[in-house]
Amino acid sequence: MIGLGIVASLVGIAIALAIPWFPTSAAGSAHKIDTVYDVLLICSVPIFVLVMTVAIYSVVRFRAKPGDMRDGAPIHGNTRLEVIWVTVPFLMVSALAIYGWVVLDDLEAKQPDTLIVNVTGQQFTWSFDYPSEKVKSSELVLPKDRPVEFRIHTKDVLHSFWVPEFRLKSDAVPGLTTKIRLTPDRIGHYQVVCAELCGIGHSTMRQNVRVVAKSAFVSWLDHQKQAAGGGGAPAPAGGGGGGGGAKPDGAAVFASNGCGSCHTLAAANATGTVGPDLGKIDNPTSAFIKQSIEDPNKVVTKGFKPNIMPQDFGDKLSPDELDALVEYLLKAQK
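The text that follows walks through the structure, step by step, so that each part is easy to find. Bear in mind that the values here come from a model prediction, so they are computed numbers and not experimental data.

## With respect to the sheet that holds strand E10 (residues 206-212)
Ordered in space as E4-E10-E9-E6-E7, the 5 strands form an open sheet in which the pairing is mixed. The strands lining the two open edges of the sheet, one partner per strand, are strand E4 (140-143) and strand E7 (169-172). With strand direction ignored, the average angle separating the axes of adjacent strands in the sheet is 25 degrees.

Written out as structure tokens, the structure is:
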């Protein structure tokens, strides 16, 4: 039994370490997190094998013979064995907890020249605000090799901010601001994934992430400021026009508020199927579209159920953003 257990443990550890559990890392902290995961596997597999080996051996060795209906022999127990199987797991779990805390403390250490990014989750999209740069965006763009601190909020329910290639993950909790720090170190395209079930559109709550060279990041910031129309003034939350009272852009409001996650709209290359096709609205009038945004349950499209769209969605838009979105949807009708 001991020999088979040792062999099974070694084989199990080899298989567990050979499995590519995560995508290729794109942040400096990822290799430390991957090492923690490997250590947990190395500790967990032998424990699992030990428990299963003893259980299987006991079932086979001490099974009742056919027709034997007697009670089992009264066994008081073994104090020494009980002390061992409580003490060893306690020491192992304590050591792993201390190791995890040391790694987490190292990952969360503040670093100079940190880029602050405010992350806001809402059903069912993410938006990003660069306060020092006075830029807002529906796409997360980060410079390579520069430390980043994400300050994570939510406008409605619980969400969870996670880029698998960055490894670190944090919940977005109503009324709180959570933080994670990391340093992107590989140029490429990734995705923000919501890792907390947040409603019927949860699986579509994804947003593009780009890690670019520092010079490209500066150029992107300049482009965003020019697009905002304010020479550096921040764009409104819906992603529309900025300083000087510029009118919000309906397409930007549609994109930045996650409408495409739930709805199909050819004009925006959106293919969501949670809600109706917004390019084929039954009653294509300004009043009806505005009503459907502010009070989604007032008229429910045939084939769809009520309470799918957040009832407070219209409250998240400013009057100008709402008007811009209504106008954009009107023009997008086939």
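## A look at the sheet that holds strand E3 (residues 135-137)
Hydrogen bonds between backbone atoms are what pair the strands of a sheet, whose relative direction is either parallel or antiparallel. Pairing in this open sheet of 5 strands is mixed, and the strands run E3-E2-E1-E5-E8 from one edge to the other. The two strands at the open ends of the sheet, each matched to only one other strand, are E3 and strand E8 (178-182). In this sheet, neighbouring strand axes are inclined to one another by 20 degrees on average, regardless of whether the strands run parallel or antiparallel. Note that strand E2 (residues 125-130) and E3 share 3 bridges and pair antiparallel. Bridge pairing in E3 links Asp129 to Lys136.

## Notes on the pattern of salt bridges
Per the stated rule, a full pass over the model turns up 10 salt bridges. Residue Asp145 pairs with Lys144 through a salt bridge whose shortest N-O separation is 2.7 Å. Since its relative accessible area comes to 40%, Asp145 is described here as partly exposed. By relative accessible area, Lys144 is classed as partly exposed at 25%. Close ionic contact of Glu149 with Arg151 constitutes a salt bridge, the shortest N to O distance being 2.7 Å.

The rules behind the values
Residues numbered from 1 in each chain as written. Predicted model: local features only at pLDDT ≥ 70, side-chain atom pairs only at ≥ 80, totals over all residues. Heavy atoms only, no water. Pairing = 2+ DSSP bridges. Helix = DSSP H or I, 4+ residues; strand = E, 2+ residues; numbered from the N terminus. Axes fitted to C-alpha atoms, helices over the stretch in contact; angles between N-to-C directions. Salt bridge = Lys/Arg side-chain N within 4 Å of Asp/Glu carboxyl O. Buried < 20%, exposed > 50% of the residue type's maximum accessible area, 1.4 Å probe, protein only.

Remember, this is a structural readout, not a statement about activity or role.
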